[in-house]
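Single-letter residue listing:
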2 protein chains.
Amino acid sequence: MDFIEVCKALSNDTRLNIVKWLKNPTENFPPQGGCLNEPVDLKGGVCVSSIREKAGVSQSTVSNYLDMLQRSGLLLSERHGKWTYYRRNEEVIKELAEFIGKEL
Amino acid sequence: MDFIEVCKALSNDTRLNIVKWLKNPTENFPPQGGCLNEPVDLKGGVCVSSIREKAGVSQSTVSNYLDMLQRSGLLLSERHGKWTYYRRNEEVIKELAEFIGKEL
DNA sequence: TTATTATATCACGAAATCTCGATTTGTCAA
DNA sequence: TTGACAAATCGAGATTTCGTGATATAATAA
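Residues numbered from 1 in each chain as written. Chains lettered and ligands numbered in written order. Predicted model: local features only at pLDDT ≥ 70, side-chain atom pairs only at ≥ 80, totals over all residues. Heavy atoms only, no water.

Colleague: Can you lay out the environment of B:V57 for me, pointing to particular residues and giving the numbers?
Modeller: All names here are of chain B. By the secondary structure assignment, V57 is in the loop between α4 (48-55) and α5 (59-71). Since its relative accessible area comes to 19%, V57 is described here as buried. Put simply, V57 and L96 are 39 residues apart on the chain and 27 Å apart in space, counted from C-alpha to C-alpha. If near-sequence neighbours (up to four positions away) are discounted, V57 is found in contact with R52 and V62. (Helix = DSSP H or I, 4+ residues; strand = E, 2+ residues; numbered from the N terminus. Buried < 20%, exposed > 50% of the residue type's maximum accessible area, 1.4 Å probe, protein only. Contact = heavy atoms within 4.5 Å.)

As structure tokens, then:
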């Protein structure tokens, strides 16, 4: 985990909120995977357009934010058909808490 | 604690190192309070010029960094005569770890 | 008072980040 | 194959951050 990159990723209200919202996807976003007939294991993942709507920023901005959060390791993404579903990487978030508790 | 401001403050290698170094001041810096005859309770605080030397940046940069770290709450400062001694604010650092563990 | 030292503040150009609209790519359906 | 839609990438102007040298302030010493 690159702590500096994680800090940069979290140094923005919208990006911080995205990470928080994804802690409880069903509370914060509409049901996902709607259009697909096949049952897909989304593991709580949420598609870009749902996140964009909640965040109230442009499509390119949210795409950039999600990429940034993924590159920092905080989020994971999985593509199913037309949609890309993002979810939290709980292991990295746990690492982050441990880093602050021990290394910082 | 303003989490965003803390993240911004930690989004820089030198500033992150300063916070880490101040965890063990006696290991990382020369003895402090040397010129003063009066015994001063520095509580592990380190003066700006010692930090500047260790960090290898200009005086204005380190002063700016220390101000930023203090404004974020991560550091505390105390002036004694000509010197300003900076030390960690362990309570805020604990808050930070708790925030990540619970809120994030 | 004057000189010296420690730190803070100012002003600046360079580099990075922010956020957007436009365009491109990828996927599915007709 | 074409059209429609989701998401990623591109390009750009506005804002912020980076790090510096110069200057100002504050405290001590002579």
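Colleague: Before we move on, could you go through α4(B) and cite the residues and values that matter?
Modeller: All names here are of chain B. What α4 keeps buried is the set V48, S50, I51 and A55. Considered in projection along α4, the buried side chains sweep an arc of 165 degrees and stay on one side of the axis. The inward-facing, buried residues of α4 contact α2 (13-21), β1 (46-47), α5 and β3 (83-88). Once α4 ends, the next one or two residues include G56, with phi positive near 70 degrees. (Arc of directions from axis to C-beta.)

Colleague: Which residues make up the protein's contact with DNA strand C, and what values go with them?
Modeller: Among the 22 residues in the neighbourhood of DNA strand C, the closest are listed as A:S60, A:T61, A:Y65, B:S49 and B:Q59. Protein-proximal atoms of DNA strand C, defined as those within 4 Å of the protein, fall in sugar or phosphate at a share of 62%. Note that a phosphate oxygen of DNA strand C is positioned 3.2 Å from one of the backbone N or O atoms of B:V48. A distance of 2.9 Å separates a phosphate oxygen of DNA strand C from a polar atom in the side chain of B:Y86. (Near = heavy atom within 4 Å. Polar contact = N/O pair within 3.5 Å; in protein donor to acceptor, adjacent residues only side chain to side chain.)

Colleague: How would you summarise the relation of the copies chain A and chain B if you had to cite specific residues and measurements?
Modeller: The pair of chain copies shares a relation made of a rotation about an axis and a shift along it. Once turned by 180 degrees and shifted 0.0 Å along the axis, chain A lies on chain B with an RMSD of 0.0 Å. Overall, the copies show the geometry of a two-fold rotation axis. In terms of proximity to the rotation axis, the leading residue of chain A is A:C7, whose C-alpha is 2.4 Å off the axis. Counting the interface residues of chain A, we find that 100% of their copies in chain B are interface residues as well, pointing to one common contact surface. (Least-squares fit on C-alpha atoms with pLDDT ≥ 70 in both.)

Colleague: Got a sec to walk through the protein's contact with DNA strand D? Specific residues and values, please.
Modeller: Around DNA strand D lies a shell of 20 residues, among which A:S49, A:Q59, B:S60, B:T61 and B:Y65 are the nearest. Taking all atoms of DNA strand D within 4 Å of the protein, the share assigned to sugar and phosphate is 62%. The side chain of A:S49 places a nitrogen or oxygen atom 2.7 Å from a phosphate oxygen of DNA strand D. Here a phosphate oxygen of DNA strand D sits 3.1 Å away from a polar atom, N or O, in the side chain of B:R15. Broken down by secondary-structure element, the contributors of at least two residues to the surface near DNA strand D are α4 (48-55), α5 (59-71) and β3 (83-88) of chain A together with α5 of chain B. Considered class by class, the residues forming the surface near DNA strand D number six nonpolar, ten polar and four charged. (Nonpolar A, V, L, I, M, F, W, Y, C, P; charged D, E, K, R; others polar.)

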